[in-house]
Amino acid sequence: MKRDLGALASIEHDLLVVGGGIYGVAAAWDAAQRGLRTALVEALDFGGGTSWNSLKTIHGGLRHLQRADFRRHRESVRERRALLRIAPEIVRPLAFLVPTYGHGLRGREAFALGLLANDLLGWDRNRGLSLEQRLPSGRMLSPRQVSKRAPQLPAAGLTGAALWHDAQVESGERLTLGFLRAAGEAGARVANRARVTGLLREGRRIVGAVVRDDETGQELEVHARLVLNAAGPDADRIGTLAGLVRPPTPLLSAMNLVLEGPWPLRERLAVGAASGGRFLFLVPWRDRLLVGTEYAPAPERPGAEAAEAFRSEAARAFPWGELESRPIRLVHRGRVPGRGGASGLVTAGRLCDHESEDGVPGLVTLQGVKYTTARGMAERAIDLAFRRLRRPGPPCRTAETLLPWARPLVGSLEERAGAAVREEMARTLADAVLRRLDLGTAGPPAESEVETVVRVLAGELGWDPARQRAEREGLAAAFHLA
Ligand SMILES: Cc1cc2nc3c(=O)[nH]c(=O)nc-3n(C[C@H](O)[C@H](O)[C@H](O)COP(=O)(O)OP(=O)(O)OC[C@H]3O[C@@H](n4cnc5c(N)ncnc54)[C@H](O)[C@@H]3O)c2cc1C
């Protein structure tokens, strides 16, 4: 993938995707694979927004059953299966355990019913999957079985535990890159550090965007027959540029903590616990513990204070995890659609055709609520794009086409850092370390590794010593709690 804004501006595209989070890259891949002339522009770096902050759980939709939302449950089962299939090196099954301490609606019986429904409605959850990617049926454990498998869990009042399987994405960054590189190889023209600052119009119709190249400060016009707004929490801003007058989408500020290991249980399984009216999950990931997700009205308390407060809450929810004494290595933060708190989280993504809804042809908005469901929502967006372009759409194949780059880069660190620049458009040290090489996703990387990457990037991109210093400072900022 080459960053070439001149080439982006030189032709009329069928589709311009605004935003290179998981939703934007999945849409660009689908569009390019189905033969649309596709462009994608990302204001910062690919996957550097909300998508960088996910708890890495690929949900099968068990929680949708609580609200009897069978459609969303089926969607989640389908999308979990698709990701297990197309990115098998980094999306792997993960067991989940929720101990029950009572009976009735929130206790053992309710979970038993939920697991049964989950398996019945997810009857095809393993279709097309290799043996090691398949998910076993859920089941209830007796208190004795729980104490045997996880003796640290409080035994007083224990009535059993629900045990089921979902999946975990080992590296969300590499999955995002996997979609993006597939899009690039199928002909999509993509650029990071390219921000949409205005939309081009012919009458009411949107016919492209004004894009500012953040590296040169130049503005250029990118023409497209259809613009797909996949700007995540900033989607409303793009709507405003199009002159839409709509009530703003309420946003919640969401947070996870990455804590120092080791994993406290014998088995590596994610454990859920009720806290403050919602479920928190403590998840094993590499040699770290992930805990989340905390939701608060945006904007929320200052960073360090909110992170410490959340750690205290999580320590009460998982008293056996010794969370208070574990250093916080990283804080994930992002904004997601919702209002109030966790109970106000929006559970359905939004695909909005502004031609039919607002009388603004040429613009579609795709705003998701889960990393898990991005591919499927993108498929629906591209189906709609074909209808709006009045072209017959070839069938979508992204649910079964392997993503060859959804895996760690290989070779020595020098070789990988070089590939991050030359093949994957890393433009800053943080781009390379945090979103290509997977060195800083579990907390600050080793200094020697950072120095190697600085050396390679300085050579590739011509950085002088002052720029190298600034890049080191930029990377360090990602690990400040405040
Ligand atoms: C703490 C946390 C935990 C989560 N855990 C999970 C989980 O375990 N499982 C799960 O399935 N989901 C989870 N989610 C939800 C999931 O992360 C999001 O639904 C998903 O990442 C949203 O992706 P996106 O592409 O819509 O947004 P983003 O990733 O934010 O991408 C939007 C992109 O648009 C770009 N952009 C904005 N304005 C412009 C512009 N003017 N021009 C060009 N580009 C622009 C931004 O820079 C950004 O990169 C979690 C979210 C958070 C915050």
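Scroll up a little and you will see the structure.
To start, this report covers the structure provided alongside it. Everything quoted here is computed from the prediction, not taken from an experiment. (Residues numbered from 1 in each chain as written. Predicted model: local features only at pLDDT ≥ 70, side-chain atom pairs only at ≥ 80, totals over all residues. Heavy atoms only, no water.)

### Describing the overall build of the protein
- For the protein, the count of helices and strands is 15 helices and 17 strands.
- In terms of C-alpha radius of gyration, the protein reaches 23 Å, essentially the compact-globule figure of 23 Å for 482 residues.
- Principal-axis analysis of the C-alpha atoms places the extent of the protein at approximately 70 × 55 × 45 Å.
- Considering the protein as a whole, with its 482 residues, one finds that 57% of them fall into the buried category.
- At a minimum sequence separation of 6, the contacts of the protein that also span at least 24 residues come to 73%.
- If you sum the accessible surface of the protein, you get close to 19900 Å²; carbon and sulfur atoms cover 52% of it.
- Each charge class in the protein can be summarised by its mean position, and for the 68 positive and 56 negative side chains these summaries are 5 Å apart. (Helix = DSSP H or I, 4+ residues; strand = E, 2+ residues; numbered from the N terminus. Rg over C-alpha atoms; globule rule 2.2 N^0.38 Å. Buried < 20%, exposed > 50% of the residue type's maximum accessible area, 1.4 Å probe, protein only. Contact = heavy atoms within 4.5 Å. Areas by Shrake-Rupley, 256 points an atom, 1.4 Å probe, with all protein chains shown as cover. Lys, Arg positive; Asp, Glu negative; His and termini not counted. Charge placed at Lys NZ, Arg CZ, Asp CG, Glu CD.)

### Points about the site of the ligand
- Surrounding the ligand, one finds 38 residues, the nearest of these being Glu-42, Thr-50, Ser-51, Thr-57 and Thr-372.
- Measuring from an oxygen atom of the ligand, one finds a backbone N or O atom of Tyr-23 at 3.1 Å.
- Take Thr-372: an N or O atom from its side chain is 2.7 Å from an oxygen atom of the ligand.
- Within the complex, the protein chains bury 96% of what would otherwise be the 1000 Å² of accessible surface of the ligand.
- Those elements that place two or more of their residues in the shell around the ligand are α2 (22-33), β8 (194-202), β11 (251-260) and β15 (328-337).
- Split into classes, the residues belonging to the shell around the ligand amount to 18 nonpolar, 15 polar and 5 charged. (Near = heavy atom within 4 Å. Polar contact = N/O pair within 3.5 Å; in protein donor to acceptor, adjacent residues only side chain to side chain. Nonpolar A, V, L, I, M, F, W, Y, C, P; charged D, E, K, R; others polar.)

### Points about the nonpolar core
- One finds Val-91, Leu-175, Phe-179, Val-190, Leu-228 and Leu-403 to be the most contacted residues of the largest nonpolar core, which totals 52 residues.
- Among the elements of the structure, β1 (12-18), α2, α4 (70-86), β6 (160-169), α7 (172-185), β10 (219-229), β17 (363-367) and α11 (374-388) are those that each provide at least two residues to this core.
- Sort the elements by how many residues they give to this core and α2 lands first, with 9 residues.
- Setting aside its immediate chain neighbours within four residues, Phe-179 contacts Ile-22, Val-25, Ala-26, Trp-29, Leu-83, Ile-86, Arg-375 and Leu-403.
- Among the nonpolar cores identified, the runner-up in size contains 43 residues, and Val-258, Ala-270, Leu-290 and Phe-479 belong to it. (Core = buried A, V, L, I, M, F, W, Y, C linked by side-chain atoms within 4.5 Å.)

### So, the packing of aromatic side chains
- Applying the stated criterion to the full structure yields 5 aromatic pairs.
- Look at Phe-96 and Phe-281: their rings are 5.6 Å apart centre to centre, the planes differ by 70°, and that puts the pair in the edge-to-face class. Of this pair, Phe-96 sits in strand β4 (residues 91-100) while Phe-281 sits in strand β13 (residues 278-285), and the two are 185 residues apart along the sequence. Summarising the burial analysis for this pair, Phe-96 and Phe-281 share the class buried.
- The side chain of Lys-56 reaches across the aromatic face of Trp-285, ending 4.7 Å from its centre.
- For Arg-181, the ring lying beneath its charged end belongs to Trp-405, and the centroid distance is 3.5 Å. (Phe/Tyr/Trp six-rings, centres within 6.5 Å; stacked < 30°, edge-to-face > 60°. Lys NZ or Arg CZ within 6 Å of the ring centre and 35° of its normal.)

### Structural notes on helix α15 (residues 465-477)
- Look at α15: 19 Å from first C-alpha to last across 13 residues, which is about the 18 Å you get at 1.5 Å a residue.
- Within α15, the full set of buried residues consists of Gln-468, Glu-471 and Leu-475. Take α15 and look down its axis: the buried residues cluster within an arc of 60°, on one side only. (Expected span 1.5 Å × (residues − 1). Arc of directions from axis to C-beta.)

### Considerations on helix α12 (residues 413-422)
- Of all 10 residues that make up α12, 7 are buried, and the element is covered over most of its length.
- Every buried residue of α12 is accounted for by Leu-413, Arg-416, Ala-417, Gly-418, Ala-419, Ala-420 and Val-421.
- Buried residues along α12 sit in contact with α14 (447-461).

### What to know about unusual backbone geometry
- The peptide bond linking Gly-261 to Pro-262 adopts the cis configuration, its omega dihedral lying at 5°.
- Relative to the elements of secondary structure, Pro-262 occurs in the loop between β11 and β12 (270-275).
- In this chain, Gly-292 is followed by Thr-293 through a cis amide linkage whose omega measures 0°.
- Unusually for a residue other than glycine, Arg-193 sits at a positive phi of about 50°.
- Checked against the element boundaries, Arg-193 lands in the loop between β7 (189-191) and β8.

### Comments concerning the pairing of β4
- Across the 10 residues of β4, 8 count as buried, placing the element largely inside the fold.
- Sheet topology places β4 next to β6; 10 bridges connect them, and they run antiparallel. Along β6, the bridge assignment pairs Ala-95 with His-165. (Pairing = 2+ DSSP bridges.)

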